[in-house]
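Residues per chain are reported as follows:
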Amino acid sequence: LAMDWIVNYDGANMTLTEVDKIIQRYALAVLYYSTQGKSWKHQLKFLSDKNVCEWKGFDFFNDCTGVLECNKEGNVVQLELWNENLTGTIPSEL
C-alpha cells in the first residue's frame, strides 16, 4: 500500500535525486498503513503532499501530535502519536 501511494498518489513531486526524502515518506506511509491510519483520531496531514515535517496536528488539549521535530536536513527526529487510536504493529521500516 505504501509503495503504491508513493508511486501513484503522492503529490509531493519529488525527483529520484531526493532518495532520502522518498525513503522517509515511504517509512511514514508504511507506519500509517500498518497502524490503520484511516482510523486515527486525527489524520495529521499524513499522506498529504506536504513536507513530512508538516505531518502534524493538535489534539483536544492543543498539544502537538504527529511529526514533532525534524533536524536541519529535514529528517524526522521526533514522532508522537499517543492517543491516536493506533492498532497494528510498528513496521520494521522505522
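Residues numbered from 1 in each chain as written. Predicted model: local features only at pLDDT ≥ 70, side-chain atom pairs only at ≥ 80, totals over all residues. Heavy atoms only, no water.

## Quick word on helix α2 (residues 19-34)
Thought 1: Compared with the 22 Å implied by 1.5 Å per residue over 16 residues, the 22 Å span of α2 between its first and last C-alpha is a close match.
Thought 2: Within α2, the full set of buried residues consists of Gln24, Arg25, Ala27, Leu28, Ala29, Val30, Leu31 and Tyr32.
Thought 3: For α2, the secondary structure elements touched by its buried residues are α1 (2-9) and β3 (76-80).
Thought 4: Phi turns positive, to about 60°, at Gln36, one or two residues after α2. (Helix = DSSP H or I, 4+ residues; strand = E, 2+ residues; numbered from the N terminus. Expected span 1.5 Å × (residues − 1). Buried < 20%, exposed > 50% of the residue type's maximum accessible area, 1.4 Å probe, protein only. Contact = heavy atoms within 4.5 Å.)

## Examining the environment of Asn13
Thought 1: In this fold, Asn13 is placed in the loop between α1 and α2.
Thought 2: The exposure class of Asn13 is exposed, given its relative accessible area of 68%.
Thought 3: C-alpha of Asn13 to C-alpha of Met3: the two residues are 10 residues apart in sequence and 15 Å apart in space.

## Quick look at the sheet that holds strand β1 (residues 56-58)
The pairing of strands in a sheet comes from backbone hydrogen bonds and takes either a parallel or an antiparallel form.
Thought 1: The strand order across the open sheet built from 3 strands is β1-β2-β3, with neighbouring strands paired in antiparallel fashion. Both edges of this open sheet fall to β1 and β3, since each of them pairs with a single strand only. Strand-to-strand twist of the sheet, defined as the mean angle between neighbouring strand axes without regard to direction, takes the value 30°.
Thought 2: Here strand β2 (residues 64-70) runs beside β3; their pairing, made up of 4 bridges, is antiparallel. Opposite Glu69, over in β3, you have Gln78 as the bridge partner. (Pairing = 2+ DSSP bridges. Axes fitted to C-alpha atoms, helices over the stretch in contact; angles between N-to-C directions.)

## Examining α1
Thought 1: Looking only at α1, the buried set comprises Ala2, Trp5 and Ile6. All buried residues of α1 project into a common sector of 100° when viewed along the axis, lining one side.
Thought 2: The elements touched by buried residues of α1 are α2. (Arc of directions from axis to C-beta.)

## Let's talk about the pattern of salt bridges
Thought 1: For the structure shown, the criterion picks out 1 salt bridge.
Thought 2: Among the ionic pairs, Asp10 bridges to Arg25, the shortest N-O distance being 2.7 Å. Linking Asp10 in the loop between α1 and α2 with Arg25 in helix α2, this pair joins segments that are 15 residues apart in sequence. The same class applies to Asp10 and to Arg25, which are both buried. (Salt bridge = Lys/Arg side-chain N within 4 Å of Asp/Glu carboxyl O.)

## So, the nonpolar core
Thought 1: Core analysis: the largest hydrophobic core is formed by 16 residues, its most contacted members being Trp5, Leu28, Trp40, Phe46 and Trp55.
Thought 2: Elements supplying a minimum of two residues to this core: α1 and α2.
Thought 3: Element by element, the count of residues in this core is highest for α2, at 5 residues.
Thought 4: Beyond its immediate chain neighbours, meaning those up to four positions away, Phe46 contacts Leu28, Tyr32, Trp40, Trp55 and Leu79. (Core = buried A, V, L, I, M, F, W, Y, C linked by side-chain atoms within 4.5 Å.)

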